[in-house]
Amino acid sequence: LVVIAATLTTGAFHEDGLADVADAFAGGRDKDRRLEIMKDSRIGAFGGVALAAQFVLRAGLIADLLDRHEAHAGLLLLAVAPLARVAAVVLLVLLPPARADGLARAAGRPETSALAIAAGLALTIFLAIAAAIVAPANVLLALGLALAALAALALLATRAIGGVTGDVVGAGALVAEIALLLGLAA
């Protein structure tokens with residue numbers, strides 16, 4: 001129910017991005033074809049598998065946190081969500097837009113100072129809540145996994161399409177969220 005509520009709250013924006021990235025990066029033979037696939041509103045096999053996998057992972061990890069931390073699990077989820085979203089926006093700063101007419105170009109690059117403030121606040125909230133509930137090693141593992149996952153996505157996006165799109169940012173939010181949850185649940 002938590003995963004469904006989160007998905008509905010965001011309008012499945014991040015899930016759409018993940019599905020498009022999975023279809024494009026796994027099914028496209030070159031940059032132009034990958035970008036074309038990402039614009040297509042239909043979901044292919046790779047996108048379907050990615051969606052199913054992330055729903056199963058998120059639901060399982062949240063269930064594990066609920067089992068281990070009961071009422072405090074809700075606080076962990078409230079700490080993870082903003083950090084995962086801010087972390088994904090960092091991709092807009094680090095990578096160039098992959099297409100001249102896409103959402104990443106239209107959104108522009110966030111002001112570095114504004115992003116630093118948002119990231120600092122999200123990280124402070126995450127650290128304050130997570131450190132009070134889980135072991136410090138899990139907090140560090142969560143942050144390390146999130147950084148590694150986003151770095152891997154950034155590298156993949158650079159190689160596959162030469163930069164970032166709105167879909168990559170959406171996928172990044174889910175990748176970061178899952179990585180954070182994995183670290184906290186380890």
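Refer to the structure printed above.
Residues numbered from 1 in each chain as written. Predicted model: local features only at pLDDT ≥ 70, side-chain atom pairs only at ≥ 80, totals over all residues. Heavy atoms only, no water.

1. Points about the overall build of the chain
We apply this condition: For helices the rule is a DSSP run of H or I covering at least 4 residues; for strands it is a run of E covering at least 2, with both sets numbered from the N terminus onward. Only the C-alpha atoms count toward the radius of gyration. The rule for a globule is 2.2 Å times the residue count to the power 0.38. Only protein chains enter the accessibility calculation, which uses a 1.4 Å probe; a residue is then buried when its area is under 20% of its type maximum, exposed when over 50%, and partly exposed in between. In this analysis, two residues are considered to be in contact whenever any of their non-hydrogen atoms come within 4.5 Å of each other.
Secondary structure summary: the chain contains 9 helices and 0 strands in total. Counting from the amino terminus, the chain carries its helices and strands in the arrangement α-α-α-α-α-α-α-α-α. Against the globule reference of 16 Å for 186 residues, the chain gives a C-alpha radius of gyration of 16 Å, in line with a compact fold. Oriented by its inertia axes, the alpha-carbon framework of the chain measures out at about 45 × 40 × 25 Å. Taken over 186 residues, the chain has a buried fraction of 44%. Counting contacts in the chain only where the partners sit at least 6 residues apart, residues at least 24 apart contribute 76% of the total.

2. Side note on the side chain of Thr 7
For clarity, the cut-off: As used in this structure description, the phrase polar contact means that two N or O atoms lie within 3.5 Å; if the pair is within protein, one of them must be able to donate a hydrogen and the other to accept it, and residues adjacent in sequence are counted only when both atoms belong to side chains.
Position of Thr 7 among the secondary structure elements: in helix α1 (residues 2-9). Within polar-contact distance, the side chain of Thr 7 engages the backbone oxygen of Val 3 at 2.8 Å.

3. Focus: a nonpolar patch on the surface
Note the cut-off: Excluding any residue in a salt bridge, patches collect residues exceeding 30% relative accessible area, merging like charges within 9 Å and nonpolar Val, Leu, Ile, Met, Phe, Trp and Tyr side chains within 5 Å. All accessibility values rest on the Shrake-Rupley procedure with a 1.4 Å probe; residue burial counts only the protein chains present in the view. Salt bridges are defined as contacts in which a side-chain nitrogen from Lys or Arg sits within 4 Å of a carboxyl oxygen from Asp or Glu.
On the surface, a nonpolar cluster with roughly 410 Å² of combined accessible area is contributed by Leu 1, Ile 4 and Leu 8. One can find Leu 1 in the segment before α1. Residue classification places Leu 1 among the exposed residues on the basis of a relative accessible area of 88%.

4. Quick word on the nonpolar core
Here is the rule: The nonpolar core is taken to be a set of buried Ala, Val, Leu, Ile, Met, Phe, Trp, Tyr and Cys residues, with the residues joined through side-chain atoms within 4.5 Å.
Grouped together as the largest cluster of nonpolar side chains are 55 residues, with contacts concentrated most on Phe 25, Phe 126, Val 168, Leu 180 and Leu 184. Elements with a minimum of two residues in this core: α2 (13-27), α3 (31-39), α4 (45-69), α5 (72-94), α7 (112-133), α8 (136-161) and α9 (166-185). Looking at this core, the element that brings in the most residues is α9, giving 12 residues. With residues near it in sequence (within four places) discarded, Leu 184 still touches Leu 65, Leu 76, Val 80, Phe 126, Ala 130, Val 134, Asn 138 and Ala 142.

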